[in-house]
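Summary of structural features
In case you want the letters, here they are:
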Amino acid sequence: MLSTYAQYQIYARDMGASLKRVAAEPAVARDTAYYRANIGKVKTVDDFIGDYRLFSYAMKAYGLSDAVQNRGFMRKVLTSDPADAKSFVNTLTDGRYKPFALAFSFTANGKVVDTAVAQDAAQQSDTLARFGSQTLVGANSSADVAYYKAHIGQVTSLDGLVSNDRLYRIALQAYGIDPATTSVDTVRHMLTSDTFDPASTVNASGHPSDAAQSSADLQATVVRYGATTASDASSQALGTIETAYYRNAMPGVTGVDGFLSDDRLVAYATQAFGLDYASAAVLKLAKANGADTTKPLTAAMKSDILRAALTSDLSNASSVARTLGSGFTAAAASFDFGPTAIQSPARTADITTRYGNAAGSDAASQQAAATETAYYVAKIPAVKTAAQFLADPRLVAYATAAYGLTFPTGTTPAQQAATLQAAMTGDPTDPQGVAAKGDSALLAFASAFNSAKVVRAQAGDAAESTVDLYGQATGQAGGAADETAYYLATMPGVKTADALASDAKLAAYVTAAYHIAYPDGASDAQKQAQLKAILTADPAVAGATYGDGARRLAAAFQFNAAGVAQQGRNAVTASGLEAQPAAPLQATVDLYTERLGTDPVATLKGAKETAYYRTAIAKVATVDDLVADPRLVAYAAAAYGVAFADGATQADKASEMKAILTSDPGDPKSVASQLGDSARQLASSFTFNSAYAGDDAIKGGGQDGFLALAAAFNFDAAGHVTDPRLAQSAKDTQSTLTAYVKQAGTAGRAVAQADATYYAASIGDVKTLGGFLSDPRLVKVATAAFGVARPAGLSDAQWSARLKSALTSDVANPKSAASTLGPAYRAMAAAFNFASDGKVARDPARLAQSGKAAALVADPYAQQALDAEAATRNKAVGLALNFGQRAAGITSAYQILADKSLLSVVQTAFNLPSSMATLDIDTQARIITDAVKPSDLRDPKKLGVILKNFAIRTDINAAAKASSGSVLTLFDRGSSDSADSLLSLVNPAAQGVDTSSMPILQLFNQG
């Protein structure tokens, strides 16, 4: 008869072959096929537990067959949240239950977790960051951001998003799309398209967002800018920051006014295209427009010249852009600010309907109407200006007839043309304008053309913010109904600061909303004068003179210095996001406090600085806001131990701080990383940098507005919310990070925790395998967590190719790359959702267990079947195999004491007496720990020695109990082994194993 050790060796020598053999056995294969076919049908925990064949398969796979009948207990396990330290499963001492709970997705009420959501956290963060970067948002965007955060989670369908005007507006504006000029049908088509399908609507529709620059032109501008940037480190660092700003801000620019109102965009384009405002052609044009060319051109004149160039018709050889030279011509060609059709297709359709209704019902009239309609529809798309329109009598006659527009008897054709010209090019919302003073037909006519210049003193989103602020100031959500209704109804007609300041109700409204204070005893006239001064001032000047409320008020309106509403003025960029979230803020405060020491004077001063920091950092919207405040710079630098050069000026400190805060702490070549751990930790504490940039093309770094918008939401073809595309589920991320930190050990815990924080913040942004593999830090965490080691001699390209083949393979196929590379690769591949083409796939919604995870259950099930087979022949062999399978998961002696099979192996291997059970539990744990440390069980050589000792001692003990015979009978007849040679096998030192961490085993070295 073979010894226990010999039998164990037969199984363990080639475990892969043994498992493959068992898995192919008919009974095991049938059970596995049943599990894979039915686990996807489970919708509740009762469905799962109620199917004995399904449930017992899973329980056996996880080594829990002994608890299969304890259904009430297992229901509590499966409905626990493994992420909650206080949940039921985390209170259990038996470590087998938590992995089982992690393997399935049930809520506390027993239903399968529903992960379908309109936007996940990463998508919402991207939307709000983009919204904050749009110049059209205004200074009070925080109210919109708060509203969006509070309500986007309630959206369960595309209809729900579209029907909420405010959510819908914020979402579209965030991606540079104007909700006023973009049809809802277009948005529906885009949001229900698959961004990963090249043939989908959103990918096949070109560039539908009316952005000022296409992706290709934007990229070409960036290349031009890079080619003209100096090569020194400082210039390159600044260039990187400005390029990031340009990429982020340009998709939101839809008109020349928005572009020209942003000095950073203008400066970027000026450098990129080499615009020379000192050239003879530019000076000649400036002089013709009244400029004094003996002095440098004013900013206003440069802006006017650039506007003229960018809106030029390049088909005209005498256009401004072509007259000024190649730089201006290239700029005009790169942007889409040129003339557009005077009438939108929707307005044209409306006019043709009106014309048809106004025509006579007889056949002749209808035929004539059809002829005129055909002419109008054919000609109007080519008309760019009011002058062109008025030059065509048939177009004029058609439009005036459609709106029933007539003129008083005796009005000459010239007078009629002048009235139409003034109405078409004026502001139809201006109460003093030609269109508004005329009859309703003239107003409707004027509103039908894009040549009309609607100028509002306050943009719609800024008005919403004002209402929110008024509600906060008065303690009434949405503001007092009557006052708010009056404000919203009246403001569109306000075109001057005088009109606003002289309207007592409007003035009182904005005064309350922005907390404007007037001197005691000020008369109404003095209050009007102060209010007008604020409204017509630069926001910074208003703030310096009258306080922060005045700064915000000035930024919320668009009056020029003369008090006239001017489109695009004071379009202030504000992120609406926290510069430093609560947890990093508290960490910064803690670090700062620690560095103060115990000196009472320093502690008192530090408390004052901390109070200031907490208050001031909450108002910071951009990195420029932070570095402009010397006290914030000093506080942050002190907290993280960042030292500035001796003699550094405040400007130098601000510049260095900005470079740190805008760099990527995960990039070893970034400014923060080059300056050391202190700077890297500082950069990680703020949200001015991007944690992960591997998928810029997918995330929208160069993406058209609609494509980026579609990628930001999760709607299926029917408009229902569906699961987000996640490279890794929340549970798999948690498991990965737990394993990563655990493998790092105590010595590497600090670095591992930092890596884990980075991974958790970044993995949600991963949209392609290429993006994932391009980030060394993400790859480091994932491979280490699953024990996937890079073979020596592999180049970076070969290593990436190996990981790509594994992560895109079918884990259920035994011949796939992941399966053939080994269990570690297979487990890693199952933890990610990469499709065969490298893109992130969506698992079918609402599954108790993902398809990949279900495929992996077959491995431990086969292992359990193998253990059971071995145990029927020799119980000790089954115990050894079971111990070997579970050893890596043992983290304390108490786990061993809580499990009879584990304890049996340890007691036998180390010859511990069974009488130790009479001792208290802590003493028993110390004995176990003295015998074997958990780390020894993760060392394959040491584990092999322990299992060998167990097998041999089992046979020795059995022989000792036998009534007759000797140890030699344990071996095949004819064996020359002696009892001494058998005992020598137990000596680990003889096997070349270091036993310094295994004190009890050293006993075998004696004698």
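Residues numbered from 1 in each chain as written. Predicted model: local features only at pLDDT ≥ 70, side-chain atom pairs only at ≥ 80, totals over all residues. Heavy atoms only, no water.

Going by an unreviewed UniProt entry, the protein carries the name DUF1217 domain-containing protein and comes from Lichenibacterium minor.

1. A look at the packing of helix α19 (residues 299-310) against helix α21 (residues 326-334)
It is the contact of α19 with α21, at a shortest axis distance of 8 Å, that shows an interaxial angle of 60°. In this view, α19 runs oblique relative to α21, as classed from their interaxial angle. For the pair α19 and α21, the contacting residues are L306, A309 and L310 in the first and F328, A331 and A332 in the second. Each residue belonging to the contact of α19 with α21 can be placed in one class, and the counts come to six nonpolar, no polar and no charged. (Axes fitted to C-alpha atoms, helices over the stretch in contact; angles between N-to-C directions. Helix = DSSP H or I, 4+ residues; strand = E, 2+ residues; numbered from the N terminus. Parallel < 35°, antiparallel > 145°, perpendicular 65-115°, else oblique. Contact = heavy atoms within 4.5 Å. Nonpolar A, V, L, I, M, F, W, Y, C, P; charged D, E, K, R; others polar.)

2. Regarding the pattern of salt bridges
Side chains carrying opposite charge are able to pair once their charged atoms draw close together. With the rule as written, the count across this model stands at 16 salt bridges. In this structure, E242 engages R264 in a salt bridge whose closest nitrogen and oxygen atoms are separated by 3.0 Å. Taken together, the residues span a long stretch of sequence, with E242 in helix α15 (residues 233-249) and R264 in helix α17 (residues 263-273) at a distance of 22 residues. Across the pair R631 and E609 runs a salt bridge, and its minimum N-O distance is 3.0 Å. On the criterion of sequence distance, the pair formed by R631 in helix α39 (residues 630-640) and E609 in helix α37 (residues 600-617) is long-range, its members being 22 residues apart. Salt bridges here are not isolated pairs; linked through shared partners, they connect R21, E25 and E869. (Salt bridge = Lys/Arg side-chain N within 4 Å of Asp/Glu carboxyl O.)

3. Details of unusual backbone geometry
Even without a glycine there, the phi angle at H515 is positive, about 55°. Here H515 lies in the loop between α32 (504-513) and α33 (524-535). With a phi close to 55°, N911 is a non-glycine residue in the positive phi region. By the element assignment, N911 lies in the loop between α56 (900-909) and α57 (921-931). N911 gets classed as exposed once you look at its relative accessible area, which sits at 51%. (Buried < 20%, exposed > 50% of the residue type's maximum accessible area, 1.4 Å probe, protein only.)

4. Digging into the environment of D126
Considering the arrangement of structural elements, one finds D126 in helix α8 (residues 121-133). Owing to a relative accessible area of 25%, D126 belongs among the partly exposed residues under this scheme. Sequence-wise, D126 and D765 are 639 residues apart; in three dimensions their C-alpha atoms are separated by 9.3 Å.

5. Considering the packing of aromatic side chains
Applying the stated rule across the entire model yields 25 aromatic pairs. Consider the rings of Y57 and Y861, whose centres lie 3.8 Å apart with planes at 15°: the pair is stacked. Within this pair, whereas Y57 is found in helix α5 (residues 52-61), its partner Y861 is found in helix α53 (residues 858-873), the two being separated by 804 residues in sequence. The pair formed by Y57 and Y861 is uniform in burial state, with each residue classed as buried. Seen from their ring centres, F832 and F834 are 5.8 Å apart, and the 15° between their planes marks the pair as stacked. A single burial state applies to F832 and to F834, both of which are buried. Counting every residue linked through ring pairs, the aromatic cluster contains F48, F55, Y62, F100, F104 and F106. Lying over the aromatic face of Y612, R631 brings its terminal NZ or CZ to 3.8 Å of the ring centre. (Phe/Tyr/Trp six-rings, centres within 6.5 Å; stacked < 30°, edge-to-face > 60°. Lys NZ or Arg CZ within 6 Å of the ring centre and 35° of its normal.)

6. Comments concerning the nonpolar core
Side chains of a nonpolar character, in soluble globular proteins, are inclined to be buried together. Counting 66 residues, the largest nonpolar core has F48, F100, F104 and F883 as the members making the most contacts within it. Shared between two domains, this core holds at least three residues of each, these being domain 1 (4-137) and domain 6 (874-963). Setting aside residues no more than four positions away along its own chain, F883 makes contact with I890, L902, V905, V906, L937, L943 and L947. The next biggest cluster of nonpolar side chains, apart from the first, holds 36 residues, and it includes V256, Y268, L310 and F335. (Core = buried A, V, L, I, M, F, W, Y, C linked by side-chain atoms within 4.5 Å. Domains from an automatic or database assignment.)

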